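# Structural description and commentary
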Amino acid sequence: MKAVGLIVEYNPFTNGHLYHLQKAKEITNADLLIGVISPSFVQRGEPAIISKEKRVKIALEAGIDIVIELPFIYAVENADFFAFGALNLLNDLGVTEIVFGSETGDTQEFLKKYNFSSIVQPHLDFLIKDFMKEGLSYPSAMNKALKEIDSFQLETPNDILGFAYKKIIDQYNLPIKIHTIKRNADYKDENLNNLASASALRKAIKENRNIDKYTPFSNIKDFHYLDDYFDLLKNIIIMSSPEELATYHLVNEGIEYLFKKKILESNSMEEFIKNCISKRYTAARIKRIIIHILAKTNKQESISILKNKPPYVRILGINKKGEEYLKLKRKDIVVPVLNRFEGKRYPLLNLERRTTYLYYINSKDKNKHYEEELYLYPIRKME
């Protein structure tokens with residue numbers, strides 16, 4: 001059976017996501033699809049707008065056969081670590097091809113530009129470091145360096161991730177072929193239409209607008225926003241010394257002192273983020289730091305974890321075809337495939353449970369969801 005991988009967040013699920021899923025099957029002749037999904041918090045440094053449980057159920061309904069979890073520590077990271085974690089998980093399950101959306105849209109053109117950029121990698125690295133010394137953030141420095149070399153722009157999240165996927169595949173010699181399909185929606189376009197982006201839907205949800213016409217899955221409720229965690233963040237930052245804050249993952253370069261200052265000048269999460277943005281610190285980077293402070297993610301433990309690929313594959317959702325595939329591949333899969341929570345054996349899993357509790361911290365049912373992490377998954381779709 002030919003397994004094709006999708007790296008997703010479904011934050012929330014859009015008509016464009018459905019097109020991506022259907023097109024992936026079409027262009028690869030896939031027998032089944034395996035989706036790696038971010039857990040309760042996503043790569044942009046925010047809580048997923050709807051819960052992990054609901055997004056897994058939606059993925060199964062949409063046609064993904066096996067849904068696996070990208071551990072929190074890889075999910076709330078830059079593009080390289082995000083790609084490193086996701087691709088190794090897919091490789092461990094025998095995935096031979098991945099399909100992702102990009103603004104480029106043409107696989108050969110994307111590879112041509114990527115390969116040219118790789119040829120000049122030493123010069124590229126030099127330019128990136130030079131631009132960062134000028135105060136630019138890493139994504140801005142990379143984009144400026146690439147434009148200077150070859151007019152290859154990486155201004156959009158999808159192209160940045162696509163570049164990271166190809167880089168990780170080459171760096172670790174993963175036997176995975178890439179395909180890219182053109183995004184049908186501009187991620188910056190906040191207008192609602194049949195192919196509205198996830199960001200447009202998130203904005204509409206926040207404004208209490210009905211999105212049922214713009215997603216295959218209606219009646220979505222119980223939304224989570226980063227703004228809801230401001231009081232908790234403020235308490236942690238004020239009650240912690242700079243030295244304590246510096247023990248949390250991604251808190252580097254003295255940003256703890258900036259946070260201590262700006263939290264007192266801010267009355268909301270949005271205001272706090274705006275007050276901290278600079279050439280060096282993008283909004284996405286600041287938000288990822290915020291999530292790790294909220295989760296109290298230990299810096300040294302995180303650095304140690306990120307040196308290696310995820311130590312297990314955790315199944316969050318599966319259908320009958322997915323179960324058949326795992327049975328067929330049982331002898332070939334050398335990593336542990338978890339069908340139940342094994343926190344004593346794999347301490348990294350306990351971080352998923354903690355961040356689930358954090359995700360629901362403002363809910364009266366937070367204890368219930370904290371316990372559910374032990375037995376809720378995998379969600380099975382057997383019909």
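Before any of the text, the structure's been laid out above.
Here's what I pulled together on the structure shown here. (Residues numbered from 1 in each chain as written. Predicted model: local features only at pLDDT ≥ 70, side-chain atom pairs only at ≥ 80, totals over all residues. Heavy atoms only, no water.)

### Things to note about the overall build of the chain
Helix and strand counts for the chain stand at 18 helices and 10 strands. Across the 383 residues of the chain, 54% fall into the buried class. Restricting to contacts in the chain with at least 6 residues of sequence separation, those with at least 24 account for 75%. Carbon and sulfur atoms form 49% of the exposed surface of the chain, whose accessible area is close to 17500 Å². (Helix = DSSP H or I, 4+ residues; strand = E, 2+ residues; numbered from the N terminus. Buried < 20%, exposed > 50% of the residue type's maximum accessible area, 1.4 Å probe, protein only. Contact = heavy atoms within 4.5 Å. Areas by Shrake-Rupley, 256 points an atom, 1.4 Å probe, with all protein chains shown as cover.)

### Describing the packing of helix α12 (residues 255-262) against helix α13 (residues 269-276)
For the pair α12 and α13, interaxial distance at closest approach is 10 Å and the crossing angle is 135 degrees. One finds that α12 runs oblique with respect to α13. Considering the relative orientation of α12 and α13, their crossing is right-handed. Taking contact as the criterion, the partners of L258, F259 and K262 in α12 are, on α13, F272, N275 and C276. Split by residue class, the contact of α12 with α13 holds 4 nonpolar, 1 polar and 1 charged. (Axes fitted to C-alpha atoms, helices over the stretch in contact; angles between N-to-C directions. Parallel < 35°, antiparallel > 145°, perpendicular 65-115°, else oblique. Left-handed = near helix turned anticlockwise from the far one by under 90°. Nonpolar A, V, L, I, M, F, W, Y, C, P; charged D, E, K, R; others polar.)

### Describing the environment of I181
Positionally, I181 belongs in strand β7 (residues 177-182). You can call I181 buried: its relative accessible area is 9%. Sequence-wise, I181 and A24 are 157 residues apart; in three dimensions their C-alpha atoms are separated by 8.4 Å.

### What about the pattern of salt bridges?
Enumeration over the complete set of coordinates arrives at 22 salt bridges. Between E69 and K52 there is a salt bridge; the shortest N-O distance is 2.6 Å. Of this pair, E69 sits in strand β5 (residues 66-69) while K52 sits in helix α2 (residues 52-62), and the two are 17 residues apart along the sequence. Each member of the pair E69 and K52 is classed as buried. Connected via shared salt-bridge partners are K52, E69, R314 and E373. (Salt bridge = Lys/Arg side-chain N within 4 Å of Asp/Glu carboxyl O.)

### Here we look at the packing of aromatic side chains
In total, this model carries 12 aromatic pairs according to the counting rule given. A ring pair is formed by Y10 and F13, whose centres lie 4.6 Å apart and whose planes are at 70 degrees; its orientation type is edge-to-face. As far as the burial class goes, Y10 and F13 line up, both buried. For the cation-ring pair, R353 lies above Y370, with the distance from its terminal atom to the ring centre recorded as 3.8 Å. (Phe/Tyr/Trp six-rings, centres within 6.5 Å; stacked < 30°, edge-to-face > 60°. Lys NZ or Arg CZ within 6 Å of the ring centre and 35° of its normal.)

### Let's talk about unusual backbone geometry
A cis geometry characterises the amide bond from N11 onward to P12, with omega recorded as 0 degrees. Its location among the elements puts P12 in the loop between β1 (3-8) and α1 (15-28). Looking along the chain, the bond that leaves Y377 and enters P378 is cis, with omega of 5 degrees. By the element assignment, P378 lies in the loop between α18 (366-372) and β10 (379-381). Backbone geometry places N173, a non-glycine residue, at a positive phi of 55 degrees. With respect to the secondary-structure elements, N173 resides in the loop between α8 (157-171) and β7. Positioned with a positive phi, E253 is a non-glycine residue whose angle comes to about 60 degrees. Within the secondary structure, E253 sits in the loop between α11 (242-245) and α12.

### What to know about the pairing of strand β2 (residues 32-37)
With 6 of its 6 residues buried, β2 lies for the most part within the structure. Along β2, one buried face is formed by L32, I34 and V36 and the opposite face, lined by L33, G35 and I37, is buried too. Sheet topology places β1 next to β2; 6 bridges connect them, and they run parallel. What sits directly across from V8, in β2, is I37. For the segment spanning β1, α1 and β2, crossover handedness is right-handed. (Pairing = 2+ DSSP bridges. Right-handed = clockwise from strand over helix to strand, strands pointing away.)

### A word on a nonpolar patch on the surface
There is a patch of nonpolar side chains on the surface, built from I238, M239 and L264 and spanning about 360 Å² of accessible area. Its place among the elements puts I238 in helix α10 (residues 230-239). With relative accessibility at 39%, the residue I238 sits in the partly exposed group. (Patch = residues over 30% accessible without salt bridge, like charges linked within 9 Å, V, L, I, M, F, W, Y side chains within 5 Å.)

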